[in-house]
Amino acid sequence: MTETAIATPVMKQHLIDPEICIRCNTCEEACPIDAITHDENNYVVDPSICNMCMKCVPPCPTGAIDNWIQVLTSEAYSKDDQFSWDVLPEEKELPAELLHQDDAAESAPETGRTPLAADQSDVDSLEGVPSTDAGASIPPWSAVHPYVNMYTHKNVATATVVGNYRVTDDDTESDIHHIVLDFGTLPFPVLEGQSIAIFPPGTDAKGRAYHARQYSIASPRDGERPKYNNLSITVKRVTADYDNNPVNGVCSNYLCDLQKNDTVKVIGPYGNTFLMPNLAHANIIMICTGTGSAPMRAMTERCRRLTKNREYNGKLMLFFGARTQRELPYFGPLMNLPKDFIDINLALSRQPDQPKRYVQDVLRDRAADILKLLDETETYIYVCGLKGMEVGVIEALRDVVEGSGKKWPEVHAQLKSQGRLHFETY
Ligand code: FAD
Ligand code: A2P
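The name an unreviewed UniProt entry assigns to the chain is Benzoyl-CoA oxygenase component A, from the organism Eoetvoesiella caeni. Recorded under Subunit (unreviewed entry), the UniProt text for the chain is reproduced unchanged: "Homodimer." Check the Cofactor (unreviewed entry) section of the UniProt entry for the chain; it says "FAD".

Dropping the structure here:
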């Protein structure tokens, strides 16, 4: 155990609540010193490495990360202890004389969640910077304040499936579904850019209930159907793992197979930074791949509804990556949107007879128009989809900005500190 982490008789041990954690990997990515790790059961904090820098705390969507238990330093829970837990242990009573010493507990962090703050100290380089650091940790200043964590493991919401249909061509490999969930009389307020988590039924090989999986909301705040208490999600059926071995993704298959009137167990909503500006003239640049289009659909539809009442007149630019046009979710409805409402740029990587294109290629092609928008302080960028695109998109934005003679580190820092650059990748 390192001296920094554990040198006093009593410590506040940083722990992750296995009951609440939705295994989204955000904390592991946010930790700059690799103190957080996971096995097939749990995400855990290594007490010999954690220096309580708190970088993992604000990005956690559920608050599962924010647990601190006072323990004897010599009896700190090991990684293996934590891997085996189904619930957090109770805090044990410690000898009073130890508690009155000048101990680690006094210098331990506040147990409440840290306020969100843009950290400008490590925005300049890509190398070695956790991916979640690429974006802002604050929302746009004008964003509506979101509700988060209204429903938790101890207070699960039930929603009814009122629609489930495929939004990619039937004969393609990409089976992506648009699923509409209705909450009836149960309050479930959401904003565009937020997500929910859903519990698949059943248990894993060890007999533990499956943990909940997170899905971005694909509909605007006033509902998939305006003024109804419903929302939609965009779910890709996982049939192969990241190494392309065949698997049956537990939750995505469950969701894609749901029938009308089935019910699902939902928790959330989550997300307090990936939120859209609440200004009539704000511009939005959306960059996505595959199901990363869900929050972009929500934001676009919000703007479309506002435009009908002349309440929105900003510019929308969309960069959308998919294998082929036929595997691009919502292709038909997207193409029906008026050209003067949204500037759509597709990047197709496996379209027959066309060169492979990624969103970052198209960003470079449209450098002049992106720069024009970036010059306006009320321009906001959202990136959602494959984890792998994050670095490529940042590099493309850097090239676009540097092509105009500006310094990317400065522009990047400003975009982050002003809540104007947001990532949600998985
Ligand atoms: P599991 O049973 O958990 O996994 C089966 C195997 O497949 C495992 O080996 C796993 O590593 C691998 N695997 C998991 N996901 C994928 C994948 N996408 N591609 C390839 N292999 C995979 N998914 C959506 O479809 N739509 C969304 O809008 C969406 N939003 C998300 C937002 C956030 C913030 C996060 C963290 C995730 C989001 N996801 C979204 C992913 C989703 O939460 C699940 O991870 C995904 O549906 C797979 O779950 P599963 O239970 O089917 O697969
Ligand atoms: P590819 O043809 O190389 O897989 P998916 O269908 O797997 O959800 O992916 C959506 C799109 O994102 C595909 O066109 C895929 O291309 C593309 N893609 C894959 N990796 C990256 C990356 N690192 N950056 C940008 N786009 C990517």
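A. Structural context of the site of ligand 2. For ligand 2, the set of nearby residues contains 13 residues, the closest of which are Arg323, Ser349, Arg350, Lys356 and Tyr358. Arginine 350 is positioned such that a nitrogen or oxygen atom in its side chain is 2.7 Å from an oxygen atom of ligand 2. When ligand 2 is considered free in solution it has 550 Å² of accessible area, and contact with the protein chains removes 82% of it. Across the shell around ligand 2, the residue classes tally to four nonpolar, five polar and four charged.

B. Main features of the packing of aromatic side chains. Under the criterion given, the structure shown has four aromatic pairs. When the ring of tyrosine 151 is compared with that of phenylalanine 188, the centres are 5.3 Å apart and the planes differ by 10°; the resulting orientation is stacked. With tyrosine 151 in the loop between α4 (104-107) and β5 (157-166) and phenylalanine 188 in the loop between β6 (176-182) and β7 (195-199), this pair connects stretches of sequence that are 37 residues apart. For the pair shown, tyrosine 151 and phenylalanine 188 are each scored as buried. On the numbers, 4.1 Å between centres and 15° between planes, the contact of phenylalanine 183 with phenylalanine 188 is stacked.

C. Focus on the UniProt feature "domain: FAD-binding FR-type" (unreviewed entry) in the chain. Residues annotated by UniProt as "domain: FAD-binding FR-type" (unreviewed entry) correspond here to residues 154-276. Across residues 154-276, helical content stands at 6% and strand content at 33%; the span's end C-alpha atoms are separated by 30 Å.

Scoring rules and cut-offs
Residues numbered from 1 in each chain as written. Chains lettered and ligands numbered in written order. Predicted model: local features only at pLDDT ≥ 70, side-chain atom pairs only at ≥ 80, totals over all residues. Heavy atoms only, no water. UniProt positions renumbered as here; feature names shortened; annotations may be inferred. Near = heavy atom within 4 Å. Polar contact = N/O pair within 3.5 Å; in protein donor to acceptor, adjacent residues only side chain to side chain. Areas by Shrake-Rupley, 256 points an atom, 1.4 Å probe, with all protein chains shown as cover. Nonpolar A, V, L, I, M, F, W, Y, C, P; charged D, E, K, R; others polar. Phe/Tyr/Trp six-rings, centres within 6.5 Å; stacked < 30°, edge-to-face > 60°. Helix = DSSP H or I, 4+ residues; strand = E, 2+ residues; numbered from the N terminus. Buried < 20%, exposed > 50% of the residue type's maximum accessible area, 1.4 Å probe, protein only.

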